[in-house]
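The chain contents come next:
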Amino acid sequence: MIPGSVKKRVFLTGRLHDVVQRDLKKRYSTKVHGGKMPIPRSELLDGVRGAEGLVCFPFDRIDREVIDAADLRVISTYSVGFDHIDVAHAKKRGIKIGYTPDVLSDATADLAFCLMLDSMRRVTEGDRMIRRGGWRSVLGAYDYVGHGMQAKTLGIVGMGRIGRALAKRAAAFGMNITYYSRRRVRGSGARYVPFERLVSESDVISLHVPHTAETDNMIHAGVLKKMKPGAFLINTSRGAVVNERDLAGALRRKVIAGAGLDVFCSEPVGRRHPLAGLQNVVLSPHIGSSTAETRLKMAEITACNLRLGMAGRRPRYSV
Ligand code: DGY
């Protein structure tokens, strides 16, 4: 910062780690939304006015109205997903966009695997049963059985960084791994199969696609009907990839055996959500990237992308 020069304005729709925020404050005139998240729409529109840099979160809708309310150089999102940003409009306006891939692949793959183990071995279901006083006799040979992982077929939809990280974990558990992706991937140890075949042959399907026009509502009643009756669905990608109403119906009628979900069409999810009343589903509150280590790395990359964009350069991880 040259003495006497005016600091450029940066708006953050939520807090990042103190160490990262302190550094941003030295360089820019920062304004941080410290209230409940997501930031209310009117405060977002207000906050972004006059800012040249915007740091946002995956649950903020950064559409044309928000983009046009400011004169931004860069939008830096604290997420790998960027379906909440009107990328085409931002690009038309010459705004750079940064995101945080790579650093969260292991954490998200861990969670997908955790949801898979949990739903197949019925851990959380058992926890709920004990807490409501439902464990009334010791369990015999046929009681409360789950499903093993060994020699089961895992179908990964979307073989990007997270899909590949999940394949590594599944291989260590002796699973057969198939995948469907737009592009074929070498060296993952998984076998490519067409989508229809993956759906009908998998014991577990795990979704790792971004939310786009192509993947919106990808898993609907027609697809669920073609899954094995004993199969499980895991989603750590984006809620809108799955038709939640169809999934709740399929779980209720035992069209499939169970599901593990970290993402939902509208978040946060309350106890009245159609999926929240079902026993054969494990729900987690969108915590795919939520380890202390990963979140700090994401904050550092978000700040790095912002700094580069503010200087008119390409973000380190650029959309
Ligand atoms: C992402 O980074 O897009 C995750 O969904 C946020 O946890």
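Parameters and conventions
What you see as residue numbers is a count from 1 along each chain, following the sequence as written. Selection of residues for local features in this predicted model requires a pLDDT of at least 70, selection of side-chain atom pairs for listing and counting requires 80 or more, and totals for whole chains, interfaces and linings are taken over all residues. For side-chain calculations, the full set of non-hydrogen atoms in the structure is used, while hydrogens and water are omitted. Axis lines are fitted to C-alpha atoms, over the contacting stretch for helices. Their N-to-C directions set the angle, which ranges from 0 to 180 degrees. In this description a helix means any DSSP run of H or I spanning at least four residues, a strand means any run of E spanning at least two, and both kinds are numbered starting from the N terminus. Any angle that falls under 35 degrees is termed roughly parallel, while one over 145 is termed roughly antiparallel, one within 65 to 115 roughly perpendicular, and all others oblique. Crossing handedness is defined as follows: a turn of the near helix away from the far one that is anticlockwise and smaller than a right angle gives a left-handed crossing, while the clockwise case is right-handed. Working rule for contacts: check all heavy atoms of both residues, and any pair within 4.5 Å makes them a contact. Side-chain classes are defined by residue name, with Ala, Val, Leu, Ile, Met, Phe, Trp, Tyr, Cys and Pro counting as nonpolar, Asp, Glu, Lys and Arg as charged, and the others, Gly among them, as polar. Here, proximity means that at least one heavy atom of the residue falls within 4 Å of the molecule or strand. For the purposes of these results, a polar contact is taken to be a pair of N or O atoms within 3.5 Å, where, inside protein, one atom must be able to donate a hydrogen and its partner to accept one; residues adjacent in sequence count only when each atom of the pair is a side-chain atom. Residue burial considers only the protein chains on display, and all accessible areas are found by Shrake-Rupley using a 1.4 Å probe. Here's how the labels work: a residue is buried when its accessible area is under 20% of the maximum for its type, exposed when over 50%, partly exposed in between, all with a 1.4 Å probe on protein chains only.

## Quick look at the packing of helix 5 (residues 105–121) against helix 7 (residues 161–172)
Then, number 1: The N-to-C vectors of helix 5 and helix 7 enclose an angle of 55°; their axes lie 8 Å apart at closest approach. The orientation of helix 5 with respect to helix 7, classified from their angle, is oblique. Regarding helix 5 and helix 7, the two cross each other, and that crossing is right-handed. Taking contact as the criterion, the partners of Ser 105, Asp 106, Thr 108, Ala 109, Asp 110, Ala 112 and Phe 113 in helix 5 are, on helix 7, Arg 161, Ile 162, Ala 165, Leu 166, Arg 169 and Ala 170.
Then, number 2: Here the residues of the contact of helix 5 with helix 7 are counted per class, giving 7 nonpolar, 2 polar and 4 charged.

## What to know about the site of the ligand
Then, number 1: Taken together, Ser 79, Val 80, Gly 81, Leu 104, Arg 238, His 286, Ser 289 and Arg 295 make up all the residues around the ligand.
Then, number 2: One of the backbone nitrogen or oxygen atoms of Val 80 is found 2.7 Å away from an oxygen atom of the ligand.
Then, number 3: Gly 81 is positioned such that a nitrogen or oxygen atom in its backbone is 2.9 Å from an oxygen atom of the ligand.
Then, number 4: With the chains in place, 91% of the 240 Å² that the ligand exposes on its own is no longer accessible.

## Here we look at helix 10 (residues 244–252)
Then, number 1: Taken as a whole, helix 10 has its buried residues at Glu 244, Leu 247, Ala 248, Gly 249, Ala 250 and Leu 251.
Then, number 2: Elements in contact with the buried residues of helix 10: helix 9 (221–226), strand 10 (232–235), strand 11 (258–261) and strand 12 (281–283).
Then, number 3: Its side-chain oxygen placed 3.1 Å from the backbone nitrogen of Arg 245, Asn 243 serves as the N-cap of helix 10.

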